[in-house]
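Structural description and commentary
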Amino acid sequence: MAACSSLLFPLLLVLLTFSDSSVKVIGLGVGINYGQIANNLPSPSRVSYLLRSLNISRVKLYDADPNVLVAFSNTNVDFIIGLGNEYLQNMTDPIKAQNWVQQRVQPYLSRTRITCITVGNEVFKYYDHQSWSNLLPAMQTVYNTLVNLGLDKQVSVTTAHSLDILSVSFPPSAGAFRQDIGEYLHGILNFHAQVKSPFLINAYPYFAYKDSPNEVSLDYVLFQPNQGTIDPFTNLKYDNMLYAQVDAVYSAIKAMGHTDIEVRVSETGWPSKGDENEVGATPENAGLYNGNLLKRIEQRQGTPAKPNVPIDIYVFALFNENLKPGPASERNYGLFYPDGTPVYNIGVQGYLPELVYSSASKNNGFLVCSLLILAMAYLILKI
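Residues numbered from 1 in each chain as written. Predicted model: local features only at pLDDT ≥ 70, side-chain atom pairs only at ≥ 80, totals over all residues. Heavy atoms only, no water.

Labelled according to an unreviewed UniProt entry, the chain appears under the name glucan endo-1,3-beta-D-glucosidase, originating from Hibiscus trionum. Heading Catalytic activity (unreviewed entry) of the UniProt record for the chain holds this comment: "Hydrolysis of (1->3)-beta-D-glucosidic linkages in (1->3)-beta-D-glucans." On record in UniProt, under Sequence similarities (unreviewed entry), the comment for the chain is "Belongs to the glycosyl hydrolase 17 family." (UniProt positions renumbered as here; feature names shortened; annotations may be inferred.)

Set out below in C-alpha cells:
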C-alpha cells in the first residue's frame, strides 16, 4: 500500500485545488454532447468523474450506450439518448419500438436519469425520402410506447434538425422552412405541440463564417463586441449570429401556426483545428466562441425575440473524436483531449482519474488503491 499512499497525497492536493471555490467550473445549466466516434477515449466511468468535477449535469448521447448509462448511475446527471437514423424504419413498428425501450431505456431508469429520446438526427439534411416519411411515425410510435409503459411523463420524445431545414434565416423575423419538407415539418410540429416536447436544432455560426469570411463578421459570430445587425421588420438588434438563427427558427415555426413550442440548441460549437480551406478553425476562435457562450448561458440570456426564455444549449463536444469522417474540423470540436487536458483555455478545469496499471502479483493492492483514489475523488468533488 506504500505505492497507494504515494499516489493519494498528490491526488488529494490536486482535488482540493479543483474543488476550491475560486476555480470556475462549467456547470451553469449548460449541456454537453458526449460523442464516442474514437478509439482513444477514456472509459465512461472516468468520464463520469470528469463531468461531475466540471459540474455538468446534462449530457446528450447519440445512442443509448449501456456502458455510459451504468457508469452514470446515481449521479443526478440528466441524459438525452439517441436513436440513430438507421433505426427509423424499425421504430415505426410498435413491437420493435417496445422491445427497444424495454431493453435500452427501462432497465436504467431507476438509477440513471434519462429525460429525453431523440429519434433520428438531422434527417432532412440527407435527401432520403423514405427516412423523411418514417421520421414522424417513428417519433409517434416511441412516444406511444412510453405512454403504454407509463414513462411518458419522465421521458420526452423529439428529433434534432440541422439549420438547413430553413430556406430563409435572415432577417430572423422572416425565417421560413424549406418548401420541400414543409408537409413533414407540419406533422412534426403538431406532434411537439401535442406532447409538449422541444424542437431541437444543431446551430453552427462557424459554418456561415467559413463559407463567407469576407461577408460575415468574425466578432459577430464569436459573441465579441460588434455593431450587430437590425431586423428591419421588428427593429430588434442582434449582436451575435446564434441568437439570430434561433429566432429564425421560432419565426418559421410561427409561420406554420405554432407559438407554444420551445426551440432548444442541441448542438453548437467551434472547431479548434481544420483543413487549409476551413477558415477560422483555430484554438483562439474556439476558445472565444465557447467561452463567450458560457458567459451568456450563465447570465440566463434569452434571444431578442424571446428575452424571457433562457436559451437552452448543449455544447458540441466533450472530446475530440479521432475517427469521425469528413474534414479535419469534424475531429476537432472537443473541449478536451482524450487524456482530459483542455484543448484551449476557457477558464474551466476538471479532473479525469488516472488509470493505474500493475503487474499480476500486485493486482489486488493496486485495485484497492484505485478504488480509494476514485472514492476520494468522488467525496471531495461532492463537497
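**A few points about the overall build of the chain**
Helices and strands together make up the secondary structure of the chain, namely 12 helices and 12 strands. The proportion of buried residues among the 383 residues of the chain is 52%. Across the chain, the fraction of contacts at a sequence separation of at least 24, relative to all contacts at a separation of at least 6, is 71%. (Helix = DSSP H or I, 4+ residues; strand = E, 2+ residues; numbered from the N terminus. Buried < 20%, exposed > 50% of the residue type's maximum accessible area, 1.4 Å probe, protein only. Contact = heavy atoms within 4.5 Å.)

**What about the pattern of salt bridges?**
Considering all chains together, one arrives at 10 salt bridges under this definition. For the salt bridge of K210 with D211, the shortest nitrogen-to-oxygen distance reads 3.1 Å. Using a relative accessible area of 23% as the deciding quantity, one classes K210 as partly exposed. The residue R296 makes a salt bridge to D239 at a minimum N-O spacing of 3.2 Å. (Salt bridge = Lys/Arg side-chain N within 4 Å of Asp/Glu carboxyl O.)

**Focus: the nonpolar core**
In terms of nonpolar packing, the biggest core is built from 101 residues, with I81, I117 and F199 touching the most fellow members. For this core, the leading source of residues is helix 10 (residues 241-255), giving 10 residues. Residues in contact with I81, not counting those within four places in the same chain, are L61, D63, A64, L69, W100, V105, I114, C116, I117 and T118. (Core = buried A, V, L, I, M, F, W, Y, C linked by side-chain atoms within 4.5 Å.)

**Quick notes on the packing of helix 5 (residues 94-104) against helix 6 (residues 129-148)**
Describing two packed helices takes the angle between their axes plus the distance from one axis to the other. Close contact between helix 5 and helix 6 brings their axes to 9 Å; oriented N to C, the two are set at 60 degrees. Taken together, helix 5 and helix 6 sit at an angle that is classed as oblique. Pair helix 5 / helix 6 crosses with right-handed handedness. For the pair formed by helix 5 and helix 6, the contact residues are P94, A97, Q98 and V101 on the first element and T141, T145 and L146 on the second. Of the residues assigned to the contact of helix 5 with helix 6, the class counts are four nonpolar, three polar and no charged. (Axes fitted to C-alpha atoms, helices over the stretch in contact; angles between N-to-C directions. Parallel < 35°, antiparallel > 145°, perpendicular 65-115°, else oblique. Left-handed = near helix turned anticlockwise from the far one by under 90°. Nonpolar A, V, L, I, M, F, W, Y, C, P; charged D, E, K, R; others polar.)

**What to know about the sheet that holds strand 2 (residues 58-60)**
Spatial strand order, 1-2-3-4-5-8-11-12: eight strands in a closed barrel with parallel pairing. Sheet twist, expressed as the mean angle between neighbouring strand axes with direction ignored, is 25 degrees. Where helix 7 (residues 182-195) meets the sheet, it contacts strand 5 (156-162) and strand 8 (199-202), and its direction lies at approximately 145 degrees from that of strand 5. (Pairing = 2+ DSSP bridges.)

**A word on the packing of aromatic side chains**
A complete count under the given rule lists 19 aromatic pairs for this structure. An angle of 85 degrees between the planes, with centres 6.5 Å apart, marks the rings of Y62 and F316 as edge-to-face. Here F316 lies in the loop between strand 12 (313-315) and helix 12 (363-382) and Y62 lies in the loop between strand 2 and helix 3 (66-71), a separation of 254 residues in the sequence. Looking at Y62, the relative accessible area reads 29%, which means it is partly exposed. With centroids separated by 6.4 Å and ring planes inclined at 70 degrees, the aromatic side chains of F223 and Y243 adopt a geometry described as edge-to-face. Of the two residues, F223 sits in the loop between helix 9 (218-221) and strand 9 (229-230) while Y243 sits in helix 10, which places them 20 residues apart along the sequence. With a relative accessible area of 6%, F223 lands in the buried category. (Phe/Tyr/Trp six-rings, centres within 6.5 Å; stacked < 30°, edge-to-face > 60°.)

**Section: the pairing of strand 3 (residues 78-83)**
By the criterion of burial, strand 3 is predominantly enclosed, with six of the six residues buried. Along strand 3, one buried face is formed by D78, I80 and G82 and the opposite face, lined by F79, I81 and L83, is buried too. As paired elements, strand 2 and strand 3 share three bridges and run parallel to each other. Bridge pairing links R58 to D78 in strand 3.

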